[in-house]
Amino acid sequence: MLKPSEVYPKTKIAEIDGILQGLAAQKALEEKYLASIQRGDSLFAEKAYDGARTAFLDGQKLKPAESYPKERIAEISKILEAIALQDKLEDQYQKAIVSADQLFTAKSYAQAKTGYSNASALKPMESYPKERMTEIDRLLADLAAKKALDEKYQTMLANADKLLAAKLYDQARAEYVNAGLLRPEEEYPKTKTGEIDQILSELAALKSLEEKYTAAVATADQLLLDKNYQQARTSYLEATVLKPAEKHPSEKISLIDSILTSISKQKALNEEYSKALANADQLFASGSWAQARLEFLHASGLKPDEQYPRNKIVETDKALAELDRQKAIDDQYNAALSNADKSFEEKKYEQAKTAYAEAGLIKPAEQYPKTKIAEITTIFQELARKKSLDDNYNETLLRADQFFNSQNYDQAKPEYSNALKIKPGEAYPLSKIVEIDGLLAEIKARDDDYKATLDRADQWFAQKKYDDARTGYQNALGIKPEATYPKEKLAAITKALEELLGKQQLYNNFIADGDHSLSIKDYFKAKDNFQQAQLLFPEESYPKERLNLITARMDSLYRANKSFYDKSVAEGDKFFNLFEFDKAVDAFTQASTFLPMEKYPREMISKITRTIAENAIADVLNSPVTITAGEEKQFSFTPVNIASRKNNFIYLKLKNLSDKPFNILMRYGKDKQPNGGVVIRNLSTDAKVNERLVSVRDQDLWYRADNNWISLYPQGGDIEVSFIQVSRAK
């Protein structure tokens, strides 16, 4: 020291020491603030919202002017409110479904349908109530159709019976046939149809006999007038054969005989008789029955006393009658077969089977009707087998869907597997098994997160770090709101703090923290503090008033943003189903900004991230690398197999190291040749890691070229890149 006694140097040294101490204090404050923010971001990412809120509050207390902690606290408040609202809606929906299912089982279909309609109104996107209402409509329609069929059948029978009694046989037969078509298994219409057919057959035979007799007499009378005695006598003889009791033909035959006797000689008569018999016998032997009959009639007319021609006439009539009978049988058989074949071609198998059976009764020796009946029986068996298979498949799916809808995934998965065994080619049960595997994985991840959160909270509780432990148990409740253990431990913490601070002081702390949180619009944090205060002094009105105010403000926020939220979710679902994951993430992220309390957008973002991770095909970077502004950094990787280049995404984790927004140019290529790229925009300036999905699915050179590098070029600021991965949608 040159001049130890001088005051000025000592004064400046002291001033410098003060400045250095201030700078050190400012650095310590900044480090403590960043630690609180990082802890809050980490807990938020783990969905430990209460702990995250506490961390962000700590950061806000350190740097009240910073906006980021306030934004995150407000976002957490919205998320917690949405979780409570969703649980209430789910409880109302499940109660409505249980009640409707009980009414359905009791076959009270109208009341059940009302119950399902109420459930559907609560959750319009759920398919189960709509499916049940459709099934009820079908059951009611089936019952009405069966009743209408029975009434129509009875009406037809009554009408047919009346027509039969009135001897209106054709109309009655048509009614019985129609009734039989409605109820093929009933015997009565078939029996009555057979009776009418017998009556009509007898009436037709009588009518035919009368017509033949009248025609024979008319012909004979005309021939007699024309003096054609032999032909007239033949016609009269035919008339006597048809109606032996009639006198007119016999009288005319006697008259003709008298005339012929007087004009014919016996020799000529004998010759003509012999010739007629010879011709008749020859025709009879060749089966020409009608012509043979005429010759026998002629011979009998020549010699009426001869028995032989009369016997042959009777024999010929029998042969002709047999021909007529056989023709009628053939006509009836062919008509029945025609109806049966037509019904078979139209796949009206019941009607066809009845018609083939009718044909078989007409000609029992015919094999064709038996063959067709056997074929129809085989068809019925195959239809029954297919129906049984479909019924078994549908019943198995119904059980599986019921288990799935009640979240009994361990029971639902075997049922979907059983459905696949019944119908191996069906896509629906396979898709549900894949969905269940994903849900079970999510449940396991949730359970693991819950256990890890509880373990940390238990450690803090054992160390008497009650604030940290409270945050941990509240985070655990955020994961599993139905769990009792965290609630018991929170009560134990309150009791411990009450013993340490005193009940009144603890109450005052809760009120102060609640008022502060409410003033910065951290509604969830404020609500928690006022609820804790209310538990300490239930008779106090102030916590109740504050809680009512918080509820009103949160409801107002929900109503104001719900339509925007729904629109963003719909867009996210659309892009997700199209495997456009980058656009889906953007839409779901936007939905979370409208209603941060809603779980669905975060769950879908997690699902997309998990799908991308599970379908990774190339890891490009796994450790942090800093890239300065204006520098292009290239990262090499092994080219992706061409079979795996469809629906590809580049998954990046980036951090803006500057205090201003700027763009990043991402490019890819092969060796020294760039083949494509995209501009990454809107990188946040809060030093937070940004996860980005960049789609290259529509870039032709990504698919066709064996690209082996990806580069990043920040335009206007420094960045840190910690992760680059090539993945695909599925």
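Here the structure is a predicted model, which is why all the values come from computation and not from measurement.

A. Expanded view of the overall build of the chain. Secondary structure assignment for the chain yields 24 helices and nine strands. Scaling as 2.2 N^0.38, a compact globule of 730 residues should have a C-alpha radius of gyration of about 27 Å, whereas the chain reaches 51 Å, well beyond that. If one aligns the C-alpha atoms of the chain with their principal axes, the spans along those axes are about 195 × 75 × 40 Å. Expressed as a percentage of the 730 residues in the chain, the buried residues total 37%. For the chain, long-range pairs separated by at least 24 residues make up 65% of all intrachain contacts whose partners lie at least 6 apart in sequence.

B. Summary view of the environment of Arg 546. When you line up the elements, Arg 546 lands in helix 21 (residues 541-577). Excluding residues within four positions of it along the chain, Arg 546 makes contact with Asp 515, Leu 518 and Phe 530.

C. Quick peek at the pairing of strand 5 (residues 663-670). Here strand 5 pairs with strand 8 (residues 709-715) via seven bridges, running antiparallel. Bridged to Met 666 within strand 8 is Leu 712. Across seven bridges, strand 5 lies against strand 6 (residues 673-680) in antiparallel orientation. Note on strand 6: the bridge partner recorded for Ile 664 is Ile 680.

D. Up close: the sheet that holds strand 6. Ordered by their spatial adjacency, four strands build an open sheet running 3-8-5-6, and the pairing between neighbours is antiparallel. With one partner strand each, in any of the chains shown, strand 3 (633-636) and strand 6 form the two edges of the open sheet. Neighbour to neighbour, the strand axes of the sheet diverge by 20° on average, direction disregarded.

E. Looking closely at unusual backbone geometry. One non-glycine residue, Lys 347, adopts positive backbone phi at about 65°. Along the chain, the position of Lys 347 falls in the loop between helix 12 (307-345) and helix 13 (349-362). Backbone geometry at Asp 671 places phi at a positive 55°, although glycine is not the residue there.

F. Here's a closer look at the nonpolar core. Of all hydrophobic cores here, the largest spans 45 residues; its most connected members are Tyr 49, Phe 56, Ile 76, Tyr 473 and Ile 550. When residues no more than four places from it in sequence are discounted, the contact partners of Ile 76 are Phe 44, Tyr 49, Ala 52, Arg 53, Phe 56 and Phe 524. Core analysis: the second largest hydrophobic core is formed by 26 residues, Leu 621, Phe 635, Ile 719 and Val 721 among them.

G. Expanded view of the side chain of Arg 72. Here Arg 72 lies in helix 3 (residues 67-105). Look at Arg 72 and you get buried, because its relative accessible area is 7%. Those residues within four positions of Arg 72 in sequence are excluded, and the remaining contacts are Asp 41, Phe 44, Phe 56 and Lys 688.

H. Main features of the environment of Asp 582. Relative to the elements of secondary structure, Asp 582 occurs in helix 22 (residues 581-594). The exposure class of Asp 582 is buried, given its relative accessible area of 17%. If we skip the residues at most four places from it in the chain, Asp 582 touches Phe 649, Leu 693 and Ser 695.

I. The side chain of Asn 708, seen in detail. The residue Asn 708 is located in the loop between helix 24 (700-704) and strand 8 in this model. Exposure remark for Asn 708: the relative accessible area of 17% places this residue in the buried category. For Asn 708, the side chain forms a polar contact with the main-chain nitrogen of Asp 671, separated by 2.9 Å. What Asn 708 contacts, discounting residues up to four positions off in sequence, is Phe 635, Ser 636, Phe 637, Pro 639, Gly 669, Lys 670 and Asp 671.

J. How the structure looks around empty space enclosed by the protein. Under the criterion given, the structure shown has one cavity of 30 Å³ or more. By volume, the largest cavity amounts to about 30 Å³. In terms of lining residues, the largest cavity is bounded by Phe 637, Val 640, Arg 645, Trp 702, Ala 705 and Asn 707. The class makeup of the residues in the lining of the largest cavity is four nonpolar, one polar and one charged.

K. Representation of the pattern of salt bridges in the model. For the coordinates displayed, the defined rule picks out 38 salt bridges. Between Asp 137 and Lys 113 there is a salt bridge whose closest N-O contact spans 2.7 Å. Here Asp 137, found in helix 5 (residues 127-165), pairs with Lys 113, found in helix 4 (residues 109-122); they are 24 residues apart in sequence, far enough to count as distant. The class of Asp 137 is partly exposed, set by a relative accessible area of 36%.

L. Fine view of the layout of surface pockets. Approximately 930 Å³ is the volume found for the second largest pocket. Forming the walls of the second largest pocket are 26 residues, and the residues nearest its centre are Arg 173, Val 177, Thr 193, Thr 354 and Glu 358. Mapped onto the lining of the second largest pocket, the elements with two or more residues apiece are helix 6 (169-182), helix 7 (188-225), helix 12 and helix 13. A breakdown of the residues in the lining of the second largest pocket according to their chemical character gives 11 nonpolar, 10 polar and five charged.

M. Representation of helix 8 (residues 229-242). The end-to-end C-alpha distance of helix 8, which contains 14 residues, comes to 20 Å, matching closely the 20 Å that a straight helix rising 1.5 Å per residue would cover. Within helix 8, burial applies to Tyr 229, Ala 232, Arg 233, Thr 234, Ser 235, Tyr 236, Leu 237, Ala 239 and Thr 240. Against helix 7, helix 9 (247-263) and helix 11 (289-302) lie the buried residues of helix 8.

N. Spatial organisation of the packing of helix 5 against helix 7. Between helix 5 and helix 7, the least distance of the axes is 12 Å, while the angle of their chain directions is 20°. Between helix 5 and helix 7, the interaxial angle falls into the category roughly parallel. Viewed along their axes, helix 5 and helix 7 form a crossing whose handedness is left-handed. For the pair formed by helix 5 and helix 7, the contact residues are Tyr 153, Leu 157, Asp 161 and Leu 164 on the first element and Tyr 188, Pro 189, Lys 192 and Ile 196 on the second.

O. Structural context of the packing of aromatic side chains. Inspection of the entire model under this criterion finds 18 aromatic pairs. Through pairs of rings, three or more aromatic residues link up here, namely Phe 461, Tyr 466, Tyr 473 and Tyr 485. Sitting over the ring of Phe 344, Lys 372 keeps its end group 3.8 Å from the ring centre.

P. Local environment of the environment of Asn 159. Counting through the fold element by element, Asn 159 comes out in helix 5. Take Asn 159: its relative accessible area is 33%, and that puts it in the partly exposed class. Separated by 94 residues in the primary sequence, Asn 159 and Ala 65 place their C-alpha atoms 95 Å from one another.

Q. Seen up close, a nonpolar patch on the surface. On the surface, a nonpolar cluster with roughly 400 Å² of combined accessible area is contributed by Ile 16, Ile 19, Leu 20 and Leu 23. Checked against the element boundaries, Leu 20 lands in helix 1 (residues 7-45).

R. Region of interest: helix 16 (residues 427-462). With 36 residues, helix 16 ought to run about 52 Å at 1.5 Å a step, and its terminal C-alpha atoms sit 52 Å apart, in line with that. For helix 16, the full list of buried residues reads Pro 429, Lys 432, Ile 433, Ile 436, Tyr 450, Thr 453, Leu 454 and Ala 457. Lining the buried residues of helix 16 we find helix 14 (368-405), helix 15 (409-422), helix 17 (466-479) and helix 18 (485-501). The positive-phi residue at the C-terminal boundary of helix 16 is Lys 464, with phi of around 65°.

Conventions and cut-offs
- Residues numbered from 1 in each chain as written.
- Predicted model: local features only at pLDDT ≥ 70, side-chain atom pairs only at ≥ 80, totals over all residues.
- Heavy atoms only, no water.
- Helix = DSSP H or I, 4+ residues; strand = E, 2+ residues; numbered from the N terminus.
- Rg over C-alpha atoms; globule rule 2.2 N^0.38 Å.
- Buried < 20%, exposed > 50% of the residue type's maximum accessible area, 1.4 Å probe, protein only.
- Contact = heavy atoms within 4.5 Å.
- Pairing = 2+ DSSP bridges.
- Axes fitted to C-alpha atoms, helices over the stretch in contact; angles between N-to-C directions.
- Core = buried A, V, L, I, M, F, W, Y, C linked by side-chain atoms within 4.5 Å.
- Polar contact = N/O pair within 3.5 Å; in protein donor to acceptor, adjacent residues only side chain to side chain.
- 1 Å grid on protein atoms, 1.4 Å probe; cavity = no way out; pocket = protein on both sides within 12 Å on 5 of 7 lines; lining within 4 Å.
- Points joined across faces, edges and corners; volume = space filled by probe spheres on them.
- Nonpolar A, V, L, I, M, F, W, Y, C, P; charged D, E, K, R; others polar.
- Salt bridge = Lys/Arg side-chain N within 4 Å of Asp/Glu carboxyl O.
- Expected span 1.5 Å × (residues − 1).
- Parallel < 35°, antiparallel > 145°, perpendicular 65-115°, else oblique.
- Left-handed = near helix turned anticlockwise from the far one by under 90°.
- Phe/Tyr/Trp six-rings, centres within 6.5 Å; stacked < 30°, edge-to-face > 60°.
- Lys NZ or Arg CZ within 6 Å of the ring centre and 35° of its normal.
- Patch = residues over 30% accessible without salt bridge, like charges linked within 9 Å, V, L, I, M, F, W, Y side chains within 5 Å.
- Areas by Shrake-Rupley, 256 points an atom, 1.4 Å probe, with all protein chains shown as cover.

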